[in-house]
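# Architecture and fold: a report
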Amino acid sequence: MTNRYKALIYAALIGLITVIIFLGFLIGFDNKISWLLIALLIATPWVYNLKKNGKIIKWKAEYSVGVKSLDLDHQKLIALLNQFNTAYDYEMGEAFEHQSLKDLIAYTEYHFDREEQMMSDCNYPDLEEHKQQHQLMIDKIKQIETKYDAIGHNAFQEVSEFLNGWLINHINGTDKQYTRHLNNHGIS
Ligand SMILES: [Fe+2]
Ligand SMILES: [Fe+2]
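Nothing here was measured: the structure is a model prediction, and the numbers come from that model.

What counts as what
Residues numbered from 1 in each chain as written. Chains lettered and ligands numbered in written order. Predicted model: local features only at pLDDT ≥ 70, side-chain atom pairs only at ≥ 80, totals over all residues. Heavy atoms only, no water. Donors = N, O, S within 2.8 Å, 3.2 Å for Na, K, Ca; no water. Tetrahedral: all angles 85-135°; square planar, octahedral: opposite > 155°, others 65-115°. Helix = DSSP H or I, 4+ residues; strand = E, 2+ residues; numbered from the N terminus. Buried < 20%, exposed > 50% of the residue type's maximum accessible area, 1.4 Å probe, protein only. Domains from an automatic or database assignment. Salt bridge = Lys/Arg side-chain N within 4 Å of Asp/Glu carboxyl O.

Our focus in this paragraph is the coordination of the iron ion (ligand 1). Listed as protein donors to the iron ion (ligand 1) are His74 (NE2), His111 (NE2), Glu115 (OE) and Asp175 (OD); their distances from the metal cover 2.2 Å. Angles of 83 to 168 degrees at the metal separate the 4 donor atoms of the iron ion (ligand 1), which places the site in the irregular class. Sequence positions of the residues that donate to the iron ion (ligand 1) give the spacing H-x36-H-x3-E-x59-D. Separating the iron ion (ligand 1) from the iron ion (ligand 2) is a gap of 3.4 Å, which Glu115 spans by donating to each of them. Of this pair, His74 sits in helix H3 (residues 68-89) while His111 sits in helix H4 (residues 94-121), and the two are 37 residues apart along the sequence. The two residues His74 and His111 agree in class, both being buried.

Right, dumping it as structure tokens:
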């Protein structure tokens, strides 16, 4: 079930609970069920927001690769990934979700180029392997984009799951391996 339908069900439940509370108070203001339902009504949006925010990826200091400009790129990538996930989860319309994926791909390509150039400028020994990882990721995401043209919205479930894991693992693993080399060449 998509988040859009879940939100509709939450709204319908809130409406139903409100009616039951109102009917309970018609019997008397000491009706315990009505007071319990009021507590439930207050807690529902809080629980809903807690669940919703649980999917948002937040930047952490431990993700730092020790190079300020690349950290800023990674923060922007995480922001674009969150934007894409929100567009996908809430089915904000094909034009918007497709555009948010295009923005993410464009910035990812820009970032990969910049990162590869920095590694190349200081003769990073694992540059070729790192470039291959970047290329595999771009190829995969573009395959899914093509699939989107054929089947629409559902093609993006794969991209959402893939990117959430890949991006953080790449930043926190492969990218961090160049930190010492770049710092030793005066890049920080
Ligand atoms: Fe990176
Ligand atoms: Fe990278």
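Before going further, it helps to spend a moment on the coordination of the iron ion (ligand 2). The coordination sphere of the iron ion (ligand 2) contains the protein donors Glu115 (OE), His130 (NE2), His134 (NE2), His170 (NE2) and Asp175 (OD), at a distance range of 2.1 to 2.3 Å. Along the chain, the residues donating to the iron ion (ligand 2) fall in the pattern E-x14-H-x3-H-x35-H-x4-D. The buried category is assigned to Asp175, whose relative accessible area is 1%.

Taken domain by domain, the protein chain consists of domain 1 (3-53) and domain 2 (61-184). Just the C-alpha atoms count here: the centres of domain 1 and domain 2 sit 40 Å apart.

In this structure the tally under the stated criterion is 4 salt bridges. Note that Arg114 and Asp73 form a salt bridge whose closest N and O atoms lie 3.1 Å from each other. One end of the pair, Arg114, is in helix H4; the other, Asp73, is in helix H3, with 41 residues separating them in the sequence. Here Arg114 falls in the partly exposed class, since its relative accessible area comes to 28%. The class for Asp73 is buried, based on a relative accessible area of 2%. Of the charged contacts in the structure, one is a salt bridge between Lys142 and Glu109, with a shortest N-O distance of 2.9 Å. Of this pair, Lys142 sits in helix H5 (residues 127-151) while Glu109 is found in helix H4, placing the two residues 33 residues apart along the sequence. Taking the relative accessible area as the measure of exposure, Lys142 reaches 36% and is therefore partly exposed.

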